[in-house]
Amino acid sequence: MSGLFQSIGRKMLFTLDPEDAHSLSIKALKTGIVPACKPNNDPALRVAVAGLSFPNPVGMAAGYDKNAEVPDALLRLGFGFTEVGTLTPVPQSGNPKPRIFRLIEDNAIVNRLGFNNEGHEAAFRRLHDRRSHPGIVGVNIGANKDSSNRVMDYVNGIRRFHSLSSYFTVNISSPNTPGLRDMQARDSLKELLGEVLEARDGQPGAKRPVFLKIAPDLTESSLDDIAAEVSLHPLDGLIISNTTLSRTGLKSVRDSTEAGGLSGSPLFARSTIVLAKMRQRVGTDLPIIGVGGIDSAATAIAKIRAGADLVQLYTGMVYSGPSLPGDIIKGMSASMKRDGVSTIAALRDCDVESWASREIPA
């Protein structure tokens, strides 16, 4: 399927505007014309994280299914979990178009979408309608661009989706909402985590895990501050990382200077270095989801060896097609059997020191 996509499907989709191609892919998943992946039940790939049991460690990152339209269709592609959003309390259109740019020579994307989404209520209705379906579906929550109280936007997200989410991601790492990354500063982070986790703990029923998603463009001292603050709160994990503002080492000339966050293959090294450095800082107990540049079984395993418990992808599927998650899972199983590894968790942290010793790229 991946070869067929790359030879025919990708060429057709890439004749379209990137946002039109994205909308078309959502419609295709809704109609069921995208073939489901044959379930992979390899017990070696099962992972227990934050009280949840994941059938495999590969997830769809937030940003694709912004409005919770196709979570179950994504799970049928082979993902062990999926994450909807980013969702803001009030609908917003995001930044002016054009705002997505393909850097084909780099297998990368630049976007400056700006949390475009239909708001809490539309997503709530869809998640409520699929509430009896199996599968792990996380909810990525954010703040409206013009909000007068961004912390309360996150609190409202916790309250609204607590009964329907498998876990939450608090996204303060997008570069496309002015001032949002400032919430990673220690004083701001202290207030945010305190309010969000208090709201979570005040909800009835099972306690939902909360992950904090951080940027890959942080300094060593900023990583120190985040790790120190995280240690003072009952946070369930980190997601490392979002897109980068860096353009180091790109081959593409066209559109590479467009404003926005860069994702895809060029992000792999930077995001993996930051992941390993944070693993060293937070210790072995706190779960971490690794994101950035995953497009194969080899890159997924490398993230885990660098300190991730789970991984997520998005841009890789833009370039390789809907069979990618199934191909990655199959490749991970084969790699582990070849190397005599009995469980994917046994690979975690094997290469932390090697990755963490590297400088964060400029």
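Small disclaimer: the values here were computed from a predicted structure and weren't measured. (Residues numbered from 1 in each chain as written. Predicted model: local features only at pLDDT ≥ 70, side-chain atom pairs only at ≥ 80, totals over all residues. Heavy atoms only, no water.)

A. Highlighting the packing of helix H7 (residues 220-230) against helix H8 (residues 268-282). Running from amino to carboxyl end, H7 crosses H8 at an angle of 45 degrees, the nearest separation of the two axes being 10 Å. Considering their axes alone, H7 and H8 lie oblique with respect to each other. Where H7 crosses over H8, the handedness of that crossing is right-handed. Contacts between H7 and H8 involve Glu-220, Leu-223, Asp-224, Ile-226 and Ala-227 from the first element and Val-274, Lys-277, Met-278, Arg-281 and Val-282 from the second. A breakdown of the residues in the contact of H7 with H8 according to their chemical character gives 6 nonpolar, no polar and 4 charged. (Axes fitted to C-alpha atoms, helices over the stretch in contact; angles between N-to-C directions. Helix = DSSP H or I, 4+ residues; strand = E, 2+ residues; numbered from the N terminus. Parallel < 35°, antiparallel > 145°, perpendicular 65-115°, else oblique. Left-handed = near helix turned anticlockwise from the far one by under 90°. Contact = heavy atoms within 4.5 Å. Nonpolar A, V, L, I, M, F, W, Y, C, P; charged D, E, K, R; others polar.)

B. Focus on the nonpolar core. Judged by nonpolar contacts, the single largest core of 97 residues is most densely connected at Leu-74, Tyr-154, Val-170, Leu-212, Leu-238, Met-278 and Met-332. Among the elements that take part in this core, H8 stands out by supplying 7 residues, more than any other. Ignoring anything within four residues of it in the chain, the contact list for Leu-74 reads Leu-29, Met-60, Tyr-64, Asp-65, Phe-79, Thr-82 and Met-317. Among the nonpolar cores identified, the runner-up in size contains 6 residues, and Phe-101, Ala-108, Leu-250 and Leu-262 belong to it. (Core = buried A, V, L, I, M, F, W, Y, C linked by side-chain atoms within 4.5 Å. Buried < 20%, exposed > 50% of the residue type's maximum accessible area, 1.4 Å probe, protein only.)

C. Expanded view of the packing of aromatic side chains. Under the defined criterion, the tally for this structure stands at 7 aromatic pairs. Each ring, one from Tyr-64 and one from Tyr-314, has its centre 5.6 Å from the other, and the planes form 80 degrees; the classification is edge-to-face. Residue Tyr-64 is located in the loop between strand E3 (58-60) and helix H3 (71-75), and its partner Tyr-314 is located in the loop between strand E13 (310-313) and helix H10 (315-320); the two are separated by 250 residues in the primary sequence. On the numbers, 6.3 Å between centres and 50 degrees between planes, the contact of Phe-124 with Phe-161 is tilted. Taken together, the residues span a long stretch of sequence, with Phe-124 in helix H4 (residues 119-129) and Phe-161 in helix H5 (residues 150-161) at a distance of 37 residues. (Phe/Tyr/Trp six-rings, centres within 6.5 Å; stacked < 30°, edge-to-face > 60°.)

D. Focus on the sheet that holds strand E8 (residues 167-171). Read around the barrel, 8 strands follow the order E3-E4-E7-E8-E9-E10-E12-E13 and close on themselves; strand pairing throughout is parallel. With strand direction ignored, the average angle separating the axes of adjacent strands in the sheet is 25 degrees. In this structure, strand E4 (residues 81-87) lies alongside strand E7 (residues 137-141), joined through 4 bridges in parallel fashion. By the bridge assignment for E7, Glu-83 is matched with Gly-138. Sheet strands in contact with H5 are E4, E7, E8 and strand E9 (210-214), and its direction is about 165 degrees off that of E8. (Pairing = 2+ DSSP bridges.)

E. A look at the pairing of strand E5 (residues 100-103). Alternating residues of E5 divide into Ile-100 and Arg-102 and Phe-101 and Leu-103, and every residue in both groups is buried. As paired elements, E5 and strand E6 (residues 108-111) share 4 bridges and run antiparallel to each other. What sits directly across from Phe-101, in E6, is Val-110. The antiparallel hairpin formed by E5 and E6 contains 4 residues in its connecting segment, where Asn-107 sits at a positive phi of about 50 degrees.

F. Representation of the sheet that holds E5 within the structure. The antiparallel open sheet is built from 3 strands, whose spatial order is E5-E6-E11. Across the chains shown, the open sheet's two edge strands, defined by having one partner strand only, are E5 and strand E11 (261-264). Taken over all neighbouring pairs, the strand axes of this sheet differ in orientation by 25 degrees on average, direction set aside. Both E6 and E11 contribute to a ladder of 4 bridges, which runs antiparallel. From the neighbouring strand, Val-110 faces E11, where its bridge partner is Leu-262.

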